[in-house]
Amino acid sequence: CRTQMAKLAAEPPRNGRPLHFYSEEDKTRSQAFRKIQKMPIHCAIIRVSPKIKLAKAREIAFRFVGQLAVDRTPQRILFEADESTIKNDRRWLSSEIPKGTGVEYQHLPKSGDPLLWIPDGIAWAVNRGGHWLEMVKPVITEEFKL
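One structure accompanies this document, and this report is about it.

**Re the environment of threonine 141**
Here comes step 1: Here threonine 141 shows up in strand 4 (residues 140-145).
Here comes step 2: On the basis of relative accessibility, which here comes to 43%, the residue threonine 141 falls in the partly exposed class.
Here comes step 3: For threonine 141, the contacting residues outside a window of four places in its chain are His42 and Cys43.

Here you go:
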C-alpha cells in the first residue's frame, strides 16, 4: 500500500509531493481512490458528536483509538503530526494502551509516510459525500459513533 501511494506521488506533475486530498485535482483523487479500493485495508470511521467542542472530541477519539488498539493489537499506529496536539495525543494514548502490549504509535509529518495519505483521502471522501464516498466505501468496514 505504501509503495502504491508513493508511486502515485512520484508521477508528474506531483514529483514526490505528498497527497493532500483537500487540495488535489479530481483526476488525482480518482486515481488514488481507485488504488485504495484495491488495497488490503480495513477502515474504521470514528465519529464524535458535532455538539462536542473540537479539543474534547479529539480526546474522545484518541482514547477510543487506544482502546481499539488494545483489543486489536496492531503493530503500529501512525498519526499525522500536529505539533500543537502531540503532547495531549500521546498522553491520551498512553493512558489507554498499557505498556508491554507491543502496540507502537507514532506521529509523523504528512511527508513522513505515504500510508498517512490513505486516511486523509478517506476522511476527505466521507466528509465530501456523493460519488467520492462511494469510491471509498469498499474499504470502510466499521463505523463508531461516540
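And the narrative resumes.
**With respect to the packing of aromatic side chains**
Here comes step 1: Per the counting criterion, the structure on display carries seven aromatic pairs.
Here comes step 2: Ring centres of phenylalanine 62 and tryptophan 92 lie 6.4 Å apart, and the angle between their planes is 55 degrees; on these two criteria the pair is classed as tilted. Highlighted residues: phenylalanine 62 in helix 3 (residues 54-72) and tryptophan 92 in helix 4 (residues 86-96), separated in sequence by 30 residues.
Here comes step 3: We classify tryptophan 92 as buried; its relative accessible area is 7%.
Here comes step 4: Chaining the aromatic ring pairs together yields one cluster made of Phe21, Phe33, Trp124 and Trp132.
Here comes step 5: The ring of tryptophan 132 carries the charged tip of arginine 29 above its face, separated from the ring centre by 6.0 Å.

**Quick look at the side chain of aspartate 89**
Here comes step 1: Its place among the elements puts aspartate 89 in helix 4.
Here comes step 2: In this view, aspartate 89 contacts Arg58, Phe62 and His107; residues no more than four positions away in its chain are not counted.

**Quick word on the side chain of lysine 110**
Here comes step 1: Structurally, lysine 110 is set in the loop between strand 3 (104-108) and helix 5 (117-128).
Here comes step 2: Judged by its relative accessible area of 14%, lysine 110 is buried.
Here comes step 3: In terms of polar contacts, lysine 110 uses its side chain to reach the side chain of glutamate 80, at 3.2 Å.
Here comes step 4: What lysine 110 contacts, discounting residues up to four positions off in sequence, is Pro18, Leu19, His20, Glu80, Leu116, Trp117 and Asp120.

**Considering the nonpolar core**
Here comes step 1: The biggest cluster of nonpolar side chains holds 23 residues, and the ones touching the most others in it are Met5, Leu19, Phe33, Ile36 and Ile122.
Here comes step 2: It is helix 5 that contributes the most residues to this core, six residues altogether.
Here comes step 3: Those residues within four positions of phenylalanine 33 in sequence are excluded, and the remaining contacts are Phe21, Gly121, Ile122, Trp124, Ala125, Trp132, Met135 and Val136.
Here comes step 4: Ranked by size, the runner-up nonpolar core spans nine residues in total, among them Val65, Ile77, Phe79 and Val103.

Rules used in this analysis
- Residues numbered from 1 in each chain as written.
- Predicted model: local features only at pLDDT ≥ 70, side-chain atom pairs only at ≥ 80, totals over all residues.
- Heavy atoms only, no water.
- Helix = DSSP H or I, 4+ residues; strand = E, 2+ residues; numbered from the N terminus.
- Buried < 20%, exposed > 50% of the residue type's maximum accessible area, 1.4 Å probe, protein only.
- Contact = heavy atoms within 4.5 Å.
- Phe/Tyr/Trp six-rings, centres within 6.5 Å; stacked < 30°, edge-to-face > 60°.
- Lys NZ or Arg CZ within 6 Å of the ring centre and 35° of its normal.
- Polar contact = N/O pair within 3.5 Å; in protein donor to acceptor, adjacent residues only side chain to side chain.
- Core = buried A, V, L, I, M, F, W, Y, C linked by side-chain atoms within 4.5 Å.

Shape descriptors only; they carry no functional weight alone.
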